[in-house]
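# Breakdown of the fold
Okay, here's what each chain looks like letter by letter:
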Amino acid sequence: MFCNMAASSSSPPPAHAFKYDVFLSFRGEDTRNTFTSHLYEALVGKKIKTYIDFDLVRGEKIAPALLEAIEESKLSVVILSLDYASSTWCLDELVQILECKERHGQIVIPIFYRIDPSHVRHQRESYAAAFVRHEKRFKDKVHKWRDALTKASKLAGFDSRNISLESELVKLVVKDIVTKLSRACSSNLKGLVGIESRIQQLESLLCIDVEDVRVRTVGIWGMGGIGKTTLADAVFNRLSSQFEASCFLSNVREKSEKHGPYNLRNELLCNLLKDESLRISTPSIASTFIKERLSRAKVLVVLDDVNDVTQLEVLVGDQVQFGPGSRIIITTRDMHQLREMQHLQKGSDHVVITYKAEELDHDEALQLFHLNDSKEISCRADHSELVRMVVHYAAGIPLALKIWGSLFCRCKSTHERATFLEKLKKFPEKKLQNVYRISYDALGENEREIFLYIACFHKGHEICSAIEQLNACGLFADSGIEVLVDMSLISIQNNRYLWMHDVIQEMGWAIECEQHPAKPGKRRRLFTMEDICNVLKKNKGTEKVQSISLNLSQITELHLTPQAFQKMYNLKFLKFYGVDRRGYYNYPRKDFNLHFNLQDLEYLPNSLLHLSWPAYTLKYLPSTFSAENLTELSMPGSQLQRLWNEGQKPRNLKHVDLSHSKQMVEVPDLSMSVNIESIDLEGCERLVEIPSYFENLLKLTWLNASCCTNLSVLSDMPCNMVSLNLGWTAIEDLPSSIWSQEKLVELNLNGCEGIKKLPNSIWKLYSLTSLVLSKTSIEGLPPSIECLSGLECLDLNSCRKFVSLPTSICKLKSLKTFCLIGCSSFENFPEILEPMELLESLSLGGTKLKELPSLIENVCCPNSILPPSSVILWPSMSMLDLSDCTMLEEIPDCIFSLNSLFRLDASGTMIRSIPSRLQPSIKHLG
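What this report covers is the structure whose coordinates are included nearby. All figures in this text were calculated on a predicted structure; none of them were measured in a lab.

### So, the overall build of the chain
Within the chain one finds 27 helices and 35 strands. Counting only residues that meet the buried cut, the chain has 52% of its 926 residues in that class. For the chain, long-range pairs separated by at least 24 residues make up 59% of all intrachain contacts whose partners lie at least 6 apart in sequence.

And the structure:
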């Protein structure tokens, strides 16, 4: 989330450099051997660097070393004792301290030690006597001294007379110093972009400002290079002085592998208990006394880069019990370790919380990337777009931004900078990849195989489909994917798609290429344009090849021989794909100008599980190909006339995409595809019918036959349909099974001009949320429309023959969007008898509507002497479109009682005036 980077040569020097945390100003004869010595010892014990002038010989003139020490301190403690004012040295110190407060914001804490603060403020009692003597010898300084004492006495501090025990006073003063220094430290985070807000989040989880006696552990989890260690280090430095003891154990994984976890535990105990004898190696904490000492100490511990539960058991398990209020911070790439920590600490006196380290946002990423830039580079307009692309490519990973920013700064010429991103992609930075290689090396064989498949083939795929295909390869995908997510190597986007950062994907590619660097045909997975084109053109594929993935938009021509796949009889995944401007895969764009140099194809491996080949130029698949293992077939924009010969038994097939295959004259034989779930036939213009066997495809839930302009015959559908798109087809009658689809959510009949009426029978579309009837020839809706209790969107756009609505329309209690735009024959909106509480948008533009129904109903309670109450029938209405309703002459006043109404468009109507009660909530009137 951030990186510590050295300031560039153009960066301004720091405003003020500090050498000490605290400067102690005191009258030696009063407090040197009592309160001041106790305070100094407590500060040193908290690792607070404190200046005290024990070794200086005082004279009448303050020594230069003292003046310098005051200047170099962040905070000064002024112990105003009974005889403090009698020392001109002390008074000069105080003047200098207050000047530093004015110049660079030094923090000043006065302690009124056994003296009334008013005596200091007004120089009374012993202070008055001291100034009688000073007036005689130091007339030129007395005014400054008096002014300094007055100012110091008005600062927030401590009055020892209100605290009976001196030890308690020391504790309170130290706590206040720690708090003030911690706050001041937040301004010293230069180069750590975005860290302050993350520190605050982590401190909130640690409950530092809350009196919580439980031990709290916060695990910082995230991918390598995300800034976990940097965050833990910043929090540790800020908070360590608030604890009785602290220890930052860095590189736990590496040290544990070299020396074992028990050596680390001894280091931990030695640091916390300040006992060097504990460095002696021992497999357990043998001494009860050691346990007791540790259990009394309020400690702050950081365990950095944990990768094994054994490390947690040894370092913070049952044998190592910390005192009340202790805090533990763990950084790890593996979420599993934090789950194990939760199991280790099940007691109510120990809380374990997880904090996910997040990437930098765009502005933070730009700031970090530019830290090493000279002004000349960062201000050049011709590089702004390139930098934006590089920063986007880094996707908020601080380590990538740090390394790439440094490399970019070294580019000496415009050409070097212009080709920077291209070079990064072709030759990934080793230093960055090595960070992620650590996570890969920690995986088991099952997880490594799954990782490489995702990197080379399944990135962006639906997780369910990928799991099915990976399982079919003999892998255990469910558990493997879970491990990869825990290790921050992959993520799941929108709870649906597998995703992987580009940098991590490139690391996976590099690992795959290590198998046979010079012989790609002997690798398991092929993914680069050069390797794939070379292997296919020269028939260099072997039985080792299991997957091929090629972005066709990267090339203009692909040479294939008829025997291109002959030797690859273990090929499971063949994925050619294109990407349109919107980022959609496998869409045959009009500018998809790839030329397949393919006269014939004699062989496709029967081992194929996934076949993706858009714009396939042949009329059929090889006759020798068996689709029995195939689970997914995607060939949009193909020239196929038929898919395969009869007799195929694609029992495992689940998804078929043959959209925009304009030469296909019939749906391929899928009668044996009993597991099929989705079929996309959009734009297959020559298709005439959907075969009758579709009724038996009981797992089919999704069918898209839109823009099949010659499709006129639709058989009964299976009973589990969820989405059915028949828009712009020649269908005139829908089979009765359509209206009994209890699981159907979407029904699209847009542009089906042959549909003139809907059945009057009771509909069973209980799950339907969207019904699109736009541009059909229907004249009205049957009363049975009220059965659609879950309908949210009803679209009748441009149904030019549509005349009327049934009064039962108000029974659609879930309806949110209702569109009648362009229904040029529609004249009368029925009376609304019941509230339609969820209706938000009503579009009536271009109709012959003459008046709107009353939107308010007066309800009288039986046997009540009270007047009838008003019920608004469309209480959620936010958008009402009446544009081009040329017969509409007025809008009833009740329209303006709709407090939620945001937009009203009455342009093109006969309305001449607006009611006086126009509500301010209406933002637009057409």
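Next comes the rest of the description.
### Considering unusual backbone geometry
One non-glycine residue, N539, adopts positive backbone phi at about 55°. Positionally, N539 belongs in the loop between α27 (529-537) and β14 (547-551). You can call N539 partly exposed: its relative accessible area is 24%. Despite not being glycine, H660 shows a phi value in the positive range, around 60°.

### Focus on helix α2 (residues 35-45)
Of the residues making up α2, those classed as buried are F35, T36, L39 and L43. In a view along the axis of α2, the buried residues occupy a sector of 95°, so they form one face of it. In the segment just after α2, K47 is the residue with positive phi, at about 60°.

### A few points about the pattern of salt bridges
Inspection of every chain in the model, using the stated rule, returns 33 salt bridges. Here D486 ties to R339 by a salt bridge, and the two come within 2.6 Å at their closest N and O atoms. Remark: R339 occurs in helix α15 (residues 335-344) and D486 occurs in helix α25 (residues 477-486); sequence separation between them is 147 residues. A residue is classified by how much of its surface remains accessible, and D486, at 7% relative accessible area, is buried. A salt bridge links E449 to R524; the nearest nitrogen and oxygen atoms lie 2.7 Å apart. Within this pair, whereas E449 is found in helix α23 (residues 445-458), its partner R524 is found in the loop between α26 (502-513) and β13 (525-526), the two being separated by 75 residues in sequence. Here R524 falls in the partly exposed class, since its relative accessible area comes to 32%. Beyond isolated ion pairs, a larger network of salt bridges with shared partners links E449, E512, R524 and R525.

### Here we look at the nonpolar core
Core analysis: the largest hydrophobic core is formed by 119 residues, its most contacted members being F565, L781, L796, F818 and F829. Mapped by element, the contributors of at least two residues to this core are α27, β14 and β16 (573-577). Of all the elements, α27 adds the most residues to this core, at four residues. Here L796 is in contact with L773, S774, I778, L781, F802, L805, F818, C819, L820, I821 and C823, once residues within four sequence places are set aside. Listed in part, the 78 residues of the second largest apolar core include V302, I353, L386 and V435.

### Section: the environment of P398
By the element assignment, P398 lies in helix α19 (residues 398-410). With 174 residues separating them along the chain, P398 and G224 place their C-alpha atoms 9.8 Å apart.

### Thoughts on the sheet that holds strand β6 (residues 215-221)
Pairing is parallel across the open sheet formed by five strands, whose spatial order is β7-β8-β9-β6-β10. Pairing within the sheet leaves two strands with one partner each, and these edge strands are β7 (245-249) and β10 (350-356). Between one strand and the next, the sheet's axes are offset by a mean angle of 15°, whatever the strand orientation. Strand direction decides the pairing type here: β6 and β10, joined by seven bridges, are parallel. The partner of V215 across the bridge, within β10, is H350. Its contacts with the sheet put helix α9 (residues 195-206) on β6, β9 (327-332) and β10, and the angle it makes with β6 is roughly 145°.

### Points about the pairing of strand β4 (residues 107-112)
The buried fraction of β4 amounts to six of the six residues, a majority that puts the element mostly inside the structure. As paired elements, strand β3 (residues 73-80) and β4 share six bridges and run parallel to each other. Bridging from a neighbouring strand, V78 pairs with P110 of β4. Tracing the backbone out of β3, into helix α4 (residues 88-104) and back to the parallel element β4 gives a crossover that is right-handed. Across two bridges, the pairing between β4 and strand β5 (residues 158-159) is parallel. Within β5, the position partnered with I111 by the bridge is F158.

### Overview of the packing of aromatic side chains
Under the criterion given, the structure shown has 21 aromatic pairs. Their ring planes at 10° and their centres at 5.5 Å tell us that F23 and Y51 sit as a pair that is stacked. Placement of the pair is F23 in strand β1 (residues 20-25) and Y51 in strand β2 (residues 50-51), with a sequence separation of 28 residues. By the burial criterion, F23 is buried, and Y51 matches it. Where Y440 meets F451, the ring centres are 5.6 Å apart and the plane angle is 50°; that geometry is what we call tilted. With Y440 in helix α22 (residues 430-441) and F451 in helix α23, the pair connects residues that are 11 residues apart, well separated along the chain. Accessibility classification places Y440 together with F451 in one group, the buried group.

Rules behind the numbers
- Residues numbered from 1 in each chain as written.
- Predicted model: local features only at pLDDT ≥ 70, side-chain atom pairs only at ≥ 80, totals over all residues.
- Heavy atoms only, no water.
- Helix = DSSP H or I, 4+ residues; strand = E, 2+ residues; numbered from the N terminus.
- Buried < 20%, exposed > 50% of the residue type's maximum accessible area, 1.4 Å probe, protein only.
- Contact = heavy atoms within 4.5 Å.
- Arc of directions from axis to C-beta.
- Salt bridge = Lys/Arg side-chain N within 4 Å of Asp/Glu carboxyl O.
- Core = buried A, V, L, I, M, F, W, Y, C linked by side-chain atoms within 4.5 Å.
- Pairing = 2+ DSSP bridges.
- Axes fitted to C-alpha atoms, helices over the stretch in contact; angles between N-to-C directions.
- Right-handed = clockwise from strand over helix to strand, strands pointing away.
- Phe/Tyr/Trp six-rings, centres within 6.5 Å; stacked < 30°, edge-to-face > 60°.

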